[in-house]
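Spelled out from the first residue to the last, the chains are:
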Amino acid sequence: MSAPNTDNELSEPLRRRLRDAVRTIEAPPDLAVKIRQGMEKTSQPWWIQPVWATAALFVILFGGGLQTVRVRQDVRAQNTQLLRVGLADHVECALRLFHAAQPATPTAETLKQLGPEFKTLAPMISTRLPQYRLVDGHLCQAKGRAYVHLVLEKDGHLMSLVITRRSSGEAFARSILVPTARTAGIPIEDARLERLSVSGFESGRFFVFVVSDFDAVSNTKIAVSIAPSVVGILG
Amino acid sequence: MLFRPKARTEEFEAVAMPHRNDIFRTAVSMLGNRSEAEDLAQEVFLQAWKSFDRFEAGTNCRAWLFKILFHRLHHYRRKKFRFRFTDDETAADRLAYAEPVAEKLTDEEILQALDRLRPDYRAVVLLADVEELAYKEVAAALDIPIGTVMSRLSRARQALRAELAEAADAMGIRKPASAGGEG
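Report on the accompanying structure. (Residues numbered from 1 in each chain as written. Chains lettered and ligands numbered in written order. Predicted model: local features only at pLDDT ≥ 70, side-chain atom pairs only at ≥ 80, totals over all residues. Heavy atoms only, no water.)

A short note on the overall build of chain A
Tallying secondary structure elements over chain A gives seven helices and seven strands in all. For chain A, the residues scored as buried account for 46% of the 235 residues in total. Accessible area for chain A stands at about 12200 Å²; split by element, carbon and sulfur atoms hold 56% of it. (Helix = DSSP H or I, 4+ residues; strand = E, 2+ residues; numbered from the N terminus. Buried < 20%, exposed > 50% of the residue type's maximum accessible area, 1.4 Å probe, protein only. Areas by Shrake-Rupley, 256 points an atom, 1.4 Å probe, with all protein chains shown as cover.)

Concerning the overall build of chain B
The secondary structure content of chain B amounts to nine helices and zero strands. Written out in order from the N terminus, the α and β elements of chain B read α-α-α-α-α-α-α-α-α. Residue burial in chain B is summarised as follows: out of 183 residues, 52% are buried. When the accessible surface of chain B is summed, it comes to about 8700 Å², and 51% of that surface belongs to carbon and sulfur atoms.

Quick notes on the pattern of salt bridges
Under the defined criterion, the tally for this structure stands at 17 salt bridges over all chains. Linking Glu132 of chain B and Arg19 of chain A is a salt bridge whose minimum nitrogen-to-oxygen distance equals 3.4 Å. You can see Glu132 of chain B sitting in the loop between α7 (119-130) and α8 (135-142) and its partner Arg19 of chain A sitting in helix α1 (residues 12-22), one on each of two chains. The buried category is assigned to Arg19 of chain A, whose relative accessible area is 11%. One salt bridge in this structure joins Lys34 of chain A and Asp30 of chain A, with 3.7 Å as the shortest N-O distance. Taking the relative accessible area as the measure of exposure, Lys34 of chain A reaches 30% and is therefore partly exposed. A residue is classified by how much of its surface remains accessible, and Asp30 of chain A, at 35% relative accessible area, is partly exposed. Ionic contacts of the salt-bridge type, sharing partners, join the residues Glu12, Arg19 and Arg23 of chain A together with Glu132 of chain B into one network. (Salt bridge = Lys/Arg side-chain N within 4 Å of Asp/Glu carboxyl O.)

Things to note about the environment of Ala48 of chain B
Residues and elements named next belong to chain B. Note that Ala48 resides in helix α3 (residues 34-50). Remark: the alpha-carbon pair of Ala48 and Leu65, spanning 17 residues in sequence, is separated by 6.9 Å. Ignoring anything within four residues of it in the chain, the contact list for Ala48 reads Phe12, Trp64, Leu65 and Ile68. (Contact = heavy atoms within 4.5 Å.)

Re the pairing of strand β6 (residues 196-202) of chain A
Of all seven residues that make up β6 of chain A, six are buried, and the element is covered over most of its length. Connecting the antiparallel pair β6 of chain A and strand β7 (residues 206-212) of chain A is a turn made up of three residues. (Pairing = 2+ DSSP bridges.)

Looking at α7 of chain B
All names here are of chain B. Of all 12 residues making up α7, 12 are buried, and the element is well covered by its neighbours. Taken together, the buried positions of α7 are occupied by Pro119, Asp120, Tyr121, Arg122, Ala123, Val124, Val125, Leu126, Leu127, Ala128, Asp129 and Val130. Remark: Glu132 follows α7 within two positions and exhibits a positive phi of approximately 60°.

Structural notes on the packing of aromatic side chains
Residues and elements named next belong to chain B. Overall, the coordinates contain six aromatic pairs over all chains when judged by the stated rule. Look at Phe52 and Phe55: their rings are 5.6 Å apart centre to centre, the planes differ by 10°, and that puts the pair in the stacked class. In this structure Phe55 comes out as buried when scored by relative accessible area, which is 8%. Taking the ring centre of Tyr121 as reference, the NZ or CZ of Arg118 above it sits at 4.6 Å. (Phe/Tyr/Trp six-rings, centres within 6.5 Å; stacked < 30°, edge-to-face > 60°. Lys NZ or Arg CZ within 6 Å of the ring centre and 35° of its normal.)

Looking at the packing of helix α6 (residues 121-128) of chain A against helix α7 (residues 216-234) of chain A
Residues and elements named next belong to chain A. Between α6 and α7, the least distance of the axes is 10 Å, while the angle of their chain directions is 160°. Relative to α7, the element α6 is oriented roughly antiparallel. Crossing angle aside, the handedness with which α6 passes α7 is right-handed. Where α6 abuts α7, its residues Leu121, Met124, Ile125 and Arg128 lie against Ser225, Ile226, Ser229, Val230 and Ile233. Tallied by class, the residues present in the contact of α6 with α7 amount to six nonpolar, two polar and one charged. (Axes fitted to C-alpha atoms, helices over the stretch in contact; angles between N-to-C directions. Parallel < 35°, antiparallel > 145°, perpendicular 65-115°, else oblique. Left-handed = near helix turned anticlockwise from the far one by under 90°. Nonpolar A, V, L, I, M, F, W, Y, C, P; charged D, E, K, R; others polar.)

Here we look at the pairing of strand β3 (residues 157-165) of chain A
In regular strands, side chains alternate between the two faces of the sheet. Residues and elements named next belong to chain A. Taking burial as the measure, the nine residues of β3 include seven buried ones, the bulk of the element. Relative to β7, β3 runs antiparallel, the two sharing seven bridges. Across the sheet, residue Leu161 finds its bridge partner in β7, namely Val210.

Observations concerning α6 of chain A
Taken as a whole, α6 of chain A has its buried residues at Leu121, Ala122, Met124 and Ile125 of chain A. Down the axis of α6 of chain A, the smallest arc covering the buried residues is 160°, so these residues share one side. (Arc of directions from axis to C-beta.)

Observations regarding the packing of helix α2 (residues 20-31) of chain B against α3 of chain B
Residue and element names in this part refer to chain B. For the pair α2 and α3, the least separation of the axes is 8 Å and the interaxial angle reads 135°. Between α2 and α3, the angle is such that the two are oblique. Judged by the twist between their axes, the crossing of α2 over α3 is right-handed. Counted together, Arg20, Ile23, Phe24, Ala27, Val28 and Leu31 of α2 and Arg34, Glu36, Ala37, Glu38, Leu40, Ala41, Val44 and Phe45 of α3 form the full contact between these two elements. Here the contact of α2 with α3 is composed, by residue class, of 10 nonpolar, no polar and four charged.

Printed below as a string of structure tokens:
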């Protein structure tokens, strides 16, 4: 229940303007990451908290515990690399197109080469995002990982859909990507890196990233609008 | 707290984390500094996380977070709080004013008017009018009686209208005064 009306109530237009003005203040995108890092620290068991770390190190070294720590760090590093490779791909491929005189719409034959799962993906994206124009679709490889990269353009802005197959046990690292929305039961997770907005979601077999230079909210909206169909197609 | 069950973490993610924007913007509005507000918002959520076992499922998590926020703000009060008092008598004297033309004021002008309110006034306006908490929740967040919330809110709204009217005057966009003003 909100505050009841009284004679001293602000008029509704005034109250609305006040609300709108204050609500223009947005938390920095990495606030959630910092909060989670703080939570992780306080949730750490005593034997990996700094006070005990030195003393416990000897035990851990000979008890095989170090291996566990290494595995956790490796998973996190892989996630960071995955995200950065996705970004690098976006920057290198998409921006190169941006500087091309007149990027052409990829042919059906080109899109077919992306693989059977992606045959219907490009037309679906065009349907879901009618204001965007598909300017490229290609397969690329970076650091041993294969990506399907669709590049779309709208009003001089480029937006990439970067898709890569998940390995067994791979999942988004919560310390990098932050859940911000959910659509049809699919969590959309966001990051802001190198002045680009990244929204990621997972299908059963793929990681999907929407990468653009739009603000975080607009980028998330794009991901929300396509995620159910993308997951439906890719499985 | 050594280990936290995964389900509890997920519950915190679901009920508390979505309010980080609300907490942050209120912190910014109270402190007037994004960097300090970010630190404070982190402290609030960390405190909430540490105390989450005491949070009753089904109760208003947002109001609980605001309570923690204002509790933490008390620690800032002496060192960092900006006590920029408006002149109460002057504000109270401006009874016959016209409603400021809110739609013609920019967000920045409105935020500046809010910023000129004394902190205790700003707090009730933010919680009741911006975040739309119930009086009872505002009272709990600020740790004051509900009667104080109502009287303070009344004075705060009056002061805010006066500040906005002044801004509108400065812009030359204020409506002509009518008898009794807005109310």
